Amino acid sequence: LKDDTTDFVRQGAIIALSMVLIQQSGHLCPRSKEFREYASAKIADGRADSCTKFGCIIAQGIIDACGRNACLALHSNGHPLKKAVVGVFLFLQHWHWFPFTYFVSLAFRPTCIVCLTDKLEMPEYTMLSKAPASHYATPQSVQQTKKETKSAASKVAVLSTTQKQADLKKKKAAGAGGSAPSSPTTGGQVSGLAEAAAEKSGGDKADDSEKKDEPAEEVLSNPARVSFPQLKVIEHGHDKRFTPVRRQTMMGVCMLRDQSPDEPVKVVSVDLSKRHDDVPMPEPFEWP
C-alpha cells in the first residue's frame, strides 16, 4: 500500500508501517532498515507529493521516538491506558487538523528497566539478556550511515589524487629521454580502487570475525535500556544478592528484595551536573 496510486493511501500505509517497525533492529528485521532508507529518500526527493512526504516525516518521527528508546503501548499488563488510547484516537484525526499529530506522544512508553530497593535506592544490579548484543542494539540512523559512506568515498578520492601527483613528479624527474611511465590518471585510479577494495575486504573480514566472536549473552547493568521485543529474553537470576519481588519480568520499575540486608548497598550514582543537553531559550520574535 505504500506504493499505491492514491496519495492518502500511501500516507496511511507509511505511518502504519512505522508503528509496526518501531524498535525493530536491522538484525532481526531487515525490513526496518529498508523502511528507514525509504522514508529518508522520500523526504529528500523533490518530486514526491506533499501528502506522501508528510506521511514519511510523521513515520520517521514515530520510528525514532524518544531516541529509539520507546514503543507504542495502549495497554499495560492487560489494562488499557486511557491517555494512550485517547492520544492515538486524536492522532488518527490529523487529516482534519494537523496539530492532532502531537497527541501520539501520549502513547509512547519508555522501554527500560529500573531496579529499586525498599528504600527507593538504585543499587548496582545486573541482569542477563540471553541473546547477542547486536540482536537488540539501538538501530543506526540513516544520516549516520550516509556520513560513514561519504567519508569512505572521500578517503578513496584522496588516495587516487595523491597517487596521481606522485606519478606526475616521477614523470618530471625521469625527463624526456627516460622511459614513458604509466598514465598517472590510470595509475591513480587503479591504486585507489585497489586500496579501497583492500579496505573493504578487511572491513568485511573484521565484521565477520566480530559476529563470530560475539558472545551469545549480554550482561545489563541497572538501569538498563531494554526494548520491548527483548523483554522475553531477560533473566534476573544473574545477581546473587538481589531478587525481584515479582517473578514476571516487567518493563519499567522493578522492586528488589535484598538477601543480605545487613551489608552495605552500593548505590548507582548519577551526577546531573555534568549534563550538557539543556536546550537554549528561543530568541524573542513578533507574531503578526
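Structure's up top.
Report on the accompanying structure. (Residues numbered from 1 in each chain as written. Predicted model: local features only at pLDDT ≥ 70, side-chain atom pairs only at ≥ 80, totals over all residues. Heavy atoms only, no water.)

Notes on the pattern of salt bridges
Part 1 of the reasoning: Scanning the model with the defined rule gives six salt bridges in all.
Part 2 of the reasoning: When the shortest N-O distance is used, the salt bridge between Asp 49 and Arg 10 registers 2.8 Å. Of this pair, Asp 49 sits in the loop between α2 (30-44) and α3 (50-63) while Arg 10 sits in helix α1 (residues 7-20), and the two are 39 residues apart along the sequence.
Part 3 of the reasoning: Between Lys 130 and Glu 217 there is a salt bridge, with the nearest N and O atoms lying 2.7 Å from each other. Of this pair, Lys 130 sits in the loop between β6 (126-129) and α5 (142-174) while Glu 217 sits in the loop between α6 (184-213) and β7 (218-221); the two residues are 87 residues apart in sequence, bridging distant segments of the chain.
Part 4 of the reasoning: Look at Lys 130 and you get partly exposed, because its relative accessible area is 39%. (Salt bridge = Lys/Arg side-chain N within 4 Å of Asp/Glu carboxyl O. Helix = DSSP H or I, 4+ residues; strand = E, 2+ residues; numbered from the N terminus. Buried < 20%, exposed > 50% of the residue type's maximum accessible area, 1.4 Å probe, protein only.)

Structural notes on the nonpolar core
Part 1 of the reasoning: Among the nonpolar cores identified, the biggest contains 13 residues, and Ile 113, Cys 115, Met 127 and Val 226 are the most heavily contacted of them.
Part 2 of the reasoning: Of all the secondary structure elements, the ones that give two or more residues to this core are β5 (112-116) and β11 (252-258).
Part 3 of the reasoning: Excluding anything up to four places from it in sequence, Ile 113 contacts Met 127, Asn 222, Pro 223, Ala 224, Val 226, Leu 231, Ile 234, Thr 249, Met 250, Gly 252 and Cys 254.
Part 4 of the reasoning: Ranked by size, the runner-up nonpolar core spans 10 residues in total, among them Leu 17, Ala 39, Cys 56 and Ala 59. (Core = buried A, V, L, I, M, F, W, Y, C linked by side-chain atoms within 4.5 Å. Contact = heavy atoms within 4.5 Å.)

Side note on the packing of aromatic side chains
Part 1 of the reasoning: Enumeration over the complete set of coordinates arrives at five aromatic pairs.
Part 2 of the reasoning: Ring geometry for Phe 8 and Trp 95: centres 6.2 Å apart, planes at 65°, overall edge-to-face. Of this pair, Phe 8 sits in helix α1 while Trp 95 sits in the loop between α4 (82-91) and β4 (108-110), placing them 87 residues apart in sequence.
Part 3 of the reasoning: When the centroid spacing of 6.0 Å and the interplanar angle of 55° are considered together, the rings of Phe 100 and Phe 103 count as tilted.
Part 4 of the reasoning: Here the aromatic residues Trp 97, Phe 100 and Phe 103 are joined through ring pairs into a cluster of three or more. (Phe/Tyr/Trp six-rings, centres within 6.5 Å; stacked < 30°, edge-to-face > 60°.)

What to know about the sheet that holds β6
Part 1 of the reasoning: Pairing is antiparallel across the open sheet formed by three strands, whose spatial order is β7-β6-β9. If you trace the sheet from one side to the other, it starts and ends with β7 and β9 (234-235), each paired once.
Part 2 of the reasoning: Looking at chain direction, β6 and β9 are connected through two bridges and run antiparallel. Looking at the pairing, Ser 129 lines up with Ile 234 of β9. (Pairing = 2+ DSSP bridges.)

Details of α3
Helical geometry: 3.6 residues make up each α-helical turn, so side chains three or four residues apart lie on a common side.
Part 1 of the reasoning: With 14 residues, α3 extends 20 Å between its outermost C-alpha atoms, agreeing within 8% with the 20 Å of an ideal straight helix rising 1.5 Å per residue.
Part 2 of the reasoning: All buried positions along α3 are accounted for by Cys 51, Thr 52, Gly 55, Cys 56, Ile 58, Ala 59, Ile 62 and Ile 63. Buried positions in α3, seen along its axis, are confined to an arc of 170° and lie on one side of it. (Expected span 1.5 Å × (residues − 1). Arc of directions from axis to C-beta.)

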